[in-house]
Amino acid sequence: MQPFTAFMTVESSRSYIDDLYSRDSDKCLASIICIKNSVIGSNRQKESVIAQGIVSRLIYLLRDKNVKPELRIEAALTIGSLAKGTENHIELLIDSGIVQILLEILDEPDPKLIDACLCCLRTLASQEHHPINSKFDVKNIEKLLSLATPTETLQRQSCIATILSSTCKTPAEQNNLCAIGGPTVLAALLSVDHPSVKIPVATCLASMCFNNANVAKEIVNTSHRNIKIIAYLTKMIARDKSIEMQLEAARCMTNLHRAGAIPAYHLCITYKTLPCLVRICQVEHPEAQRATAAETLAYLTEVDSDLQQIAAISNQLVSALVDLLSCHSLAARAAAFRAFASLGANDEDIRKRIIDTKCLMDQIVDGLTDTNKDINLASVRCLHSLSRSVQQLRTTFQDHSVWRPLMTLLSENPSSELLLAASSTLCNLLLEFSPAKEPIIHQGAISLLCNLTFSPEPALRLNGVWALMNLAFQADQRVKSQILNLLGTDQIFRLLADSDPRVLMKTLGLLRNLVSPRNHTDTMMALHGTQVMQGVVLVLEGPHSPEVKEQALLILSNIADGERAKDHIMINEDILKKLVAYMTHPAPCLQESAVFCIGNLSRQGEPGAMERQTKLREFGVIAVLQQLLSTSDTILFNRVKSTLSNFSDV
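Residues numbered from 1 in each chain as written. Predicted model: local features only at pLDDT ≥ 70, side-chain atom pairs only at ≥ 80, totals over all residues. Heavy atoms only, no water.

- In the annotation of an unreviewed UniProt entry, the protein is listed under the name Armadillo repeat-containing protein 8 and assigned to Ceutorhynchus assimilis.

If you want it as structure tokens, here you go:
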């Protein structure tokens, strides 16, 4: 047999392929070794091996318990090398059932064969495009945990930690791994003083607790040798550790915090995790690690204003994130946008610092028009966060006409995630004081938002009706009529019966804005009064909270403020009875709203005032008002007193 050389190709070495099928164990072993060496680092060679159907022979040898152990080990190593190829190579291996075969071999006694299979499984578990988590059952995971004791080899411990990371992607998988002792085994592995073990263990813990409160709590409460997991992780964040170790430990701490297991004010979050992530964002670190740090920092600070302010204290952070926006890496740019979105979520001063950063708004506009959807989404989220600033809506946002690319994105059949972020931003851009309001209307915003209210996703329905509510506030009658005509009566009733109370509240807010201010009330009620009154009655008679019914009563108060619109209430005895009943309701907000509506109906000096007062007397309004004078609620008392003053002989 010819000696193998580094320049030999599989295509020109047919004898090696033929020997793979030989009954001579030595020839077969030499062939496998030759093939293994030829495919290392070469996707072209991997493609050739796969194209010649060699994978099925390798799998056959791997499963054959009657051949020499060396043959099976080399077959596993060769398959592991093929698993480092292209997405197509990996997909073929997974479809061939290799994961289950490797898992079955873990029950055999040969430690070298087990290690070879674990290395192959680790390679398959490390790729993202073809997840293998569905291939594992509880028995498989229990076997992996049994092989991961602190006395095992570093390679075995590292492999198992990486494999376990791929088995806990869903809440059910996370719960299963936790229930069969995952936290205890991983805590023990954290005591192994070697980066090759600690880093994949931290990655596994981060995956295991992501968005899972129960698992996160169990991890935080788990100890090994009386040392808790978060104590091990805190030591891993220390500056004398490698950047990779610091980053993985910080990611795990972040996920534990966001899952509710560690409070924001805990020292390990405020003084360890947060500073570590800010530090790794700086320009002296590799781009990939900076991107991961920025992404993790965005997640850590997303909902906590205190953490946002602490992170923003660092003068270098904003400039470091701006530098990331200039990187070629899509992941780095997206992470920087997300970090800016989190930092500016709540504090006006931080938003101003971000927006005042040179060329940032230009970067955001470029992100909105980028061909990559991840960049689009990240830049929209950043824009949404910054759009909470009233001052910037009137100045910087207007100067850069950010609504143009935003409306373009919304018109291009965006994903649900992008649609949610973009429509949330639109809600802010349509506020009454925003200069962008009118040009956005001309771009077809009303039709787009009305369509959103038909979405099966509650969050999108909410954004649609919320933006319409903002749009209707102090709008001219043309815009209001367009909203009502495009939305339609049936859809308004559907929204008023929505299972999401937030959608119901914003729909009531929309109706309230449609029938106000006073100079619009009569016109809008003349056109749509019947439908508006039906909607109000629907809510008042439904099983809703006092806060919801208060909004319905405030709509009636707006209607009662009109000159002719009042008649829609006065001719409806059922509504009048409801108003009198709500005047004595246990909820103060309903009492105050009902009295306010009666006050508008009985106001003196308006056409028909005496007739309305007479009818209200017939419904017992005077007696109820006099009874309410004994209230200790100052606001209610003042409203009652003012309303009684409308009746001159009281």
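**Some thoughts on the packing of helix 2 (residues 25-39) against helix 3 (residues 43-51)**
- As a packed pair, helix 2 and helix 3 sit with axes 7 Å apart at the nearest point and diverge in direction by 140°. It follows that helix 2 is oblique to helix 3 by the angle criterion. Note on element contacts: helix 3 touches helix 2 through Q45, K46 and V49, opposite I35, S38 and V39.
- For the contact of helix 2 with helix 3, the per-class residue count stands at three nonpolar, two polar and one charged. (Axes fitted to C-alpha atoms, helices over the stretch in contact; angles between N-to-C directions. Helix = DSSP H or I, 4+ residues; strand = E, 2+ residues; numbered from the N terminus. Parallel < 35°, antiparallel > 145°, perpendicular 65-115°, else oblique. Contact = heavy atoms within 4.5 Å. Nonpolar A, V, L, I, M, F, W, Y, C, P; charged D, E, K, R; others polar.)

**Description of the packing of helix 41 (residues 621-628) against helix 42 (residues 634-646)**
- Two elements in contact, helix 41 and helix 42, have axes whose closest approach is 9 Å; the angle formed by their N-to-C orientations is 140°. Crossing geometry of helix 41 relative to helix 42 is assigned as left-handed. From helix 41, I622, L625, Q626 and L628 reach across to helix 42, where they touch L636, V640, T643 and L644.
- Residue composition of the contact of helix 41 with helix 42, grouped by class: six nonpolar, two polar and no charged. (Left-handed = near helix turned anticlockwise from the far one by under 90°.)

**Describing the side chain of S81**
- Within the secondary structure, S81 is located in helix 5 (residues 69-82).
- Residue S81 is classed as buried on the basis of its relative accessible area, which comes to 9%. (Buried < 20%, exposed > 50% of the residue type's maximum accessible area, 1.4 Å probe, protein only.)

**Things to note about the nonpolar core**
- Ranked by internal contacts, the top residues of the largest apolar core, which has 231 residues, are L62, L556 and I569.
- Those residues in contact with L62, other than ones at most four positions away along the chain, are R72, A75, A76, I79, I98, I101, L102, I105, L113 and C117. (Core = buried A, V, L, I, M, F, W, Y, C linked by side-chain atoms within 4.5 Å.)

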